[in-house]
Amino acid sequence: MPELSSFQYSLVYNAFSFTFAAMFASFIFFVLGRQNVAPKYRGALVMSALVVAVAGYHYFRIFESWSSAFIPAEGGAGFVPSGTAFNDAYRYVDWLLTVPLLTAELVAVLALPRKQSNSLTARLAIAAGLMIILGYPGEVADDNVTRAVWGFISTLPFVYIVWTLFTELGEAMQRQPEEARVLIRNARLLLLGTWGFYPIVYMVPFLGIAGASTVVAIQVGYCIADVAAKCGYGLLIYSIARAKTAAEAPEGVSATEYAVAAGD
Ligand SMILES: *C/C=C(C)/C=C/C=C(C)/C=C/C1=C(C)CCCC1(C)C
């Protein structure tokens, strides 16, 4: 770990704090929001809640680890490494649990026929898990060749996920109610846009840049991507579930009334 200016140290510190708060607030929202959607979509909201709960816990640990990895520089401004390593492995454990759940959320909110839904969920979740497991040896490798090899292998399941989202899921989307279709398309775009960010960050060491600004950019970048990919995406899933609940409610009955009545 490099030396950091006070500004750099605080920027990462505040980004972790913000992300933890966002995960915590999202958890409460998804738990309470469950009753506003028809029962068959509640599973998707439970998964959203689990994702932000798992991520919130890990952010709490990452935050702690960051605080103990630096001490104020003696007599000067800024922060120096304390000797305690910053534990970044929390991220991969977090991804291993949350990334398969994020793919399952999207399938769950579509409420497809059971057979199709189970098969899609299983394939996407396995591919997502493989992507993370295969990326890890490269992430912790010291040399760029090992990093490139595992990074490439890990990209194969990533490509499979993208391909499945645009072929099979695309077809299933056509059978969704009009109001939900645009939202589902947005959720898929948000998923691709935010997920695409992670392999880019993974490639930063190939550019030969290191030092304080890189550390800060990577940590702040991951925070922004995580808030978008977990909280923002969960909100879109909620909107989809709401739109579908509204489309199913009888004439003259509001989505909330219908959901609450159906749920008791
Ligand atoms: C909430 C956390 C999310 C959505 C994390 C997503 C992570 C990825 C999409 C990571 C992908 C990677 C590759 C495609 C290749 C290089 C290694 C990874 C694991 C960074």
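Data block above holds the structure.
In this report, we go over the structure that sits alongside the text. Just so it is clear, the model here is predicted, and its values are computed rather than measured.

Describing the packing of aromatic side chains
Centre distance and the angle of the planes are the two values used to describe a pair of aromatic rings.
Okay, so step 1: In the structure shown here, the tally under the stated rule is 20 aromatic pairs.
Okay, so step 2: Between the aromatic rings of Phe29 and Tyr238, the centroid separation amounts to 5.0 Å while the plane-to-plane angle is 75 degrees, which identifies the pairing as edge-to-face. Residue Phe29 is located in helix α1 (residues 6–33), and its partner Tyr238 is located in helix α9 (residues 212–248); the two are separated by 209 residues in the primary sequence.
Okay, so step 3: Stacked on the ring of Tyr202, the Lys or Arg Arg147 has its end atom at 4.5 Å from the ring centre.

Here we look at the nonpolar core
Okay, so step 1: One finds Leu106, Ile161, Leu165 and Trp195 to be the most contacted residues of the largest nonpolar core, which totals 50 residues.
Okay, so step 2: Contributions of two or more residues to this core are made by α2 (42–69), α3 (89–110), α4 (114–139), α5 (144–166), α6 (168–174), α7 (178–195), α8 (197–202) and α9.
Okay, so step 3: When sequence neighbours within four positions are dropped, the list of residues in contact with Trp195 reads Val99, Leu102, Thr103, Met131, Phe158, Ile161 and Ala229.
Okay, so step 4: Phe16, Phe30, Phe63 and Val220 belong to the second largest nonpolar core, which has 27 residues in total.

Some remarks on the pattern of salt bridges
Okay, so step 1: Taken as a whole, this structure holds eight salt bridges when the rule is applied.
Okay, so step 2: Between Glu64 and Arg61 there is a salt bridge whose closest N-O contact spans 3.3 Å. With a gap of three residues between them, Glu64 and Arg61 both fall in helix α2, about one helical turn apart.
Okay, so step 3: It is possible to trace a salt-bridge network through shared partners that takes in Arg91, Asp94, Asp226 and Lys230.

Regarding the side chain of Ser154
Okay, so step 1: Residue placement: Ser154 occurs in helix α5.
Okay, so step 2: For Ser154, a relative accessible area of 10% translates into the label buried.
Okay, so step 3: Here Ser154 is in contact with Met131, Leu134 and Gly135, once residues within four sequence places are set aside.

As for the site of the ligand
Okay, so step 1: Neighbouring residues of the ligand: 17 residues in total, closest Met131, Ser154, Trp195, Tyr198 and Lys230.
Okay, so step 2: Against a free-state accessible area of 530 Å², the protein chains account for coverage of 99% of the ligand.
Okay, so step 3: Its residues placed into classes, the shell around the ligand shows eleven nonpolar, four polar and two charged.

Focus on α4
Okay, so step 1: Under the 1.5 Å per step criterion, the end-to-end length of α4 is 37 Å for 26 residues, consistent within 8% with the ideal 38 Å.
Okay, so step 2: Contacts made by the buried residues of α4 are with α3, α5, α6, α7 and α8.

Some details on α7
Okay, so step 1: With 18 residues, α7 extends 26 Å from end C-alpha to end C-alpha; this agrees with the ideal 26 Å at 1.5 Å per step.
Okay, so step 2: If you check which residues of α7 are buried, you get Ala180, Ile184, Ala187, Arg188, Leu191, Leu192, Thr194 and Trp195.
Okay, so step 3: Where α7 is buried, its residues touch α3, α4, α5, α6, α8 and α9.

Here we look at the packing of α3 against α7
Okay, so step 1: With their axes 11 Å apart at the nearest point, α3 and α7 run at an angle of 170 degrees to one another. One element, α3, and the other, α7, form an angle in the roughly antiparallel class. Residue-level inspection shows Val99, Leu102, Thr103, Leu106 and Leu110 of α3 in contact with α7, the latter providing Ile184, Ala187, Leu191 and Trp195.
Okay, so step 2: Within the contact of α3 with α7, the residues separate by chemical class into eight nonpolar, one polar and no charged.

What counts and what doesn't
- The residue count restarts for each chain, going from 1 along the sequence in the order it is written.
- Local features in a predicted model are, by the rule used here, given only for residues with pLDDT of at least 70; side-chain atom pairs are given and counted only at 80 or more, and totals for whole chains, interfaces and linings are based on all residues.
- Heavy atoms from the whole structure form the basis of all side-chain values; hydrogens and water molecules are not counted.
- Paired rings are identified among Phe, Tyr and Trp, the last through its six-membered ring, by centres lying within 6.5 Å, and are further divided according to the angle between planes into stacked (under 30 degrees), edge-to-face (over 60) and tilted (the rest).
- By definition, any uninterrupted DSSP run of H or I lasting at least four residues is a helix, any uninterrupted run of E lasting at least two residues is a strand, and each is numbered from the N terminus.
- Whether a charge lies above a ring is judged from NZ of Lys or CZ of Arg, which has to be within 6 Å of the ring centre and within 35 degrees of the ring normal.
- Residue types Ala, Val, Leu, Ile, Met, Phe, Trp, Tyr and Cys, when buried and joined through side-chain atoms within 4.5 Å, form a set referred to as a nonpolar core.
- Under the scheme applied here, a residue whose accessible area is under 20% of the maximum for its type counts as buried, over 50% as exposed, and between as partly exposed, the area being computed with a 1.4 Å probe on protein chains only.
- We call two residues in contact whenever any of their non-hydrogen atoms come within 4.5 Å of each other.
- Any Lys or Arg side-chain nitrogen found within 4 Å of a carboxyl oxygen on Asp or Glu counts as a salt bridge.
- Whether a residue is near a molecule or strand depends on its heavy atoms: if one lies within 4 Å, it is near.
- In short, Shrake-Rupley with a 1.4 Å probe defines the accessible areas, and a residue's cover is counted only from the protein chains shown.
- Residues are grouped as follows: nonpolar covers Ala, Val, Leu, Ile, Met, Phe, Trp, Tyr, Cys and Pro; charged covers Asp, Glu, Lys and Arg; every other residue, Gly included, is treated as polar.
- Given a helix with a known number of residues, its expected span is that number minus one, times 1.5 Å.
- Between the N-to-C directions of two axes lies an angle of 0 to 180 degrees, each axis being a line fitted to C-alpha atoms and, for a helix, fitted only over the stretch in contact.
- Reported orientations rely on four angle classes, namely roughly parallel under 35 degrees, roughly antiparallel over 145, roughly perpendicular from 65 to 115, and oblique for the rest.

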